[in-house]
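Here's the letter readout for the chains.
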Amino acid sequence: MTKTVLILNGPNLNMLGLRQPEIYGRETLADLEALCRDKGEALGLAVDFRQSNSEGDLITWAQEARTKADGLLVNAGGFSHTSVALMDALLACEKPVIEVHISNIFRRETFRHHSYVSFAARGVICGLGPKGYTIALEAMAEILAA
Ligand code: CA2
C-alpha cells in the first residue's frame, strides 16, 4: 500500500519567490510542490501538498491526517511560533511529524527561535531552503518503512 505524506504549509508561504528572495530564495510555492511531488514519486510516497493562510484550515487538516495520512511535513510559517492549538492537533493526530523551515530561524529574530510545532515533531530541518523538504521526505520514507 502506498503511504501518504501530508505536507502542510502555513501563512505567507504562497508569497514564496515573489518577495524577500534574500531570505526565502526565488522558488515559488508551485516550484516547491513540484519538487516534493518528484521526490515523493522517487520514494514511492503519495504527496498531498497544501497551503493555507488560515490557522483553522491547518488544524483541520492536521486532525484529518489521523485517518488520511501516514506522516506529515509541516512548515507552519508564523504559526510555528504562536500556535498551541496547531501543536495540540499535531500531537492528537498520532502520526510522525517532521518540521521544516526554509530559512534558518536561529539566525533570525529571537521570536522565531521557539516553535510550538517542534514539540510535536520527530525532527526539525531549517535553513536549507526547498532542499529541506526533500531531505524531510527521505527521512519520512525511512520512518514509515520501519
Ligand atoms: O523559514 C520558514 O520556512 C518560515 O517558516 C517562513 C515563515 C516565517 O514566519 C517563519 O519564521 C520561518 C514566513 C513564510 C514566508 O513568508 C514570505 C513572505 C514574503 C515573501 C516570501 C515569503
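In this report, we go over the structure that sits alongside the text. (Residues numbered from 1 in each chain as written. Predicted model: local features only at pLDDT ≥ 70, side-chain atom pairs only at ≥ 80, totals over all residues. Heavy atoms only, no water.)

### What about the layout of surface pockets?
Roughly 400 Å³ of volume is contained in the largest pocket. Around the largest pocket sit 18 residues that line it, and Pro11, Asn12, Leu13, Tyr24 and Arg112 are the ones nearest its centre. Within the lining of the largest pocket, the residues separate by chemical class into seven nonpolar, eight polar and three charged. (1 Å grid on protein atoms, 1.4 Å probe; cavity = no way out; pocket = protein on both sides within 12 Å on 5 of 7 lines; lining within 4 Å. Points joined across faces, edges and corners; volume = space filled by probe spheres on them. Nonpolar A, V, L, I, M, F, W, Y, C, P; charged D, E, K, R; others polar.)

### Examining the packing of helix 3 (residues 55-68) against helix 4 (residues 84-92)
For the pair helix 3 and helix 4, interaxial distance at closest approach is 8 Å and the crossing angle is 10°. For the element pair helix 3 / helix 4, the angle class is roughly parallel. Where helix 3 abuts helix 4, its residues Glu55, Leu58, Ile59, Ala62, Gln63 and Arg66 lie against Ala85, Leu86, Ala89, Leu90 and Ala92. Looking at the contact of helix 3 with helix 4, its residues break down into eight nonpolar, one polar and two charged. (Axes fitted to C-alpha atoms, helices over the stretch in contact; angles between N-to-C directions. Helix = DSSP H or I, 4+ residues; strand = E, 2+ residues; numbered from the N terminus. Parallel < 35°, antiparallel > 145°, perpendicular 65-115°, else oblique. Contact = heavy atoms within 4.5 Å.)

### A look at the site of the ligand
If you check the shell around the ligand, you find 17 residues, and the closest are Asn75, His81, Ile102, Ser103 and Arg112. Take His81: an N or O atom from its side chain is 2.7 Å from an oxygen atom of the ligand. The side chain of Arg112 places a nitrogen or oxygen atom 2.8 Å from an oxygen atom of the ligand. Contact with the protein chains removes 95% of the 510 Å² of surface that the ligand exposes when unbound. Here the ligand is seated within the largest pocket. (Near = heavy atom within 4 Å. Polar contact = N/O pair within 3.5 Å; in protein donor to acceptor, adjacent residues only side chain to side chain. Areas by Shrake-Rupley, 256 points an atom, 1.4 Å probe, with all protein chains shown as cover. Sits in = over half its atoms within 2 Å of the grid points.)

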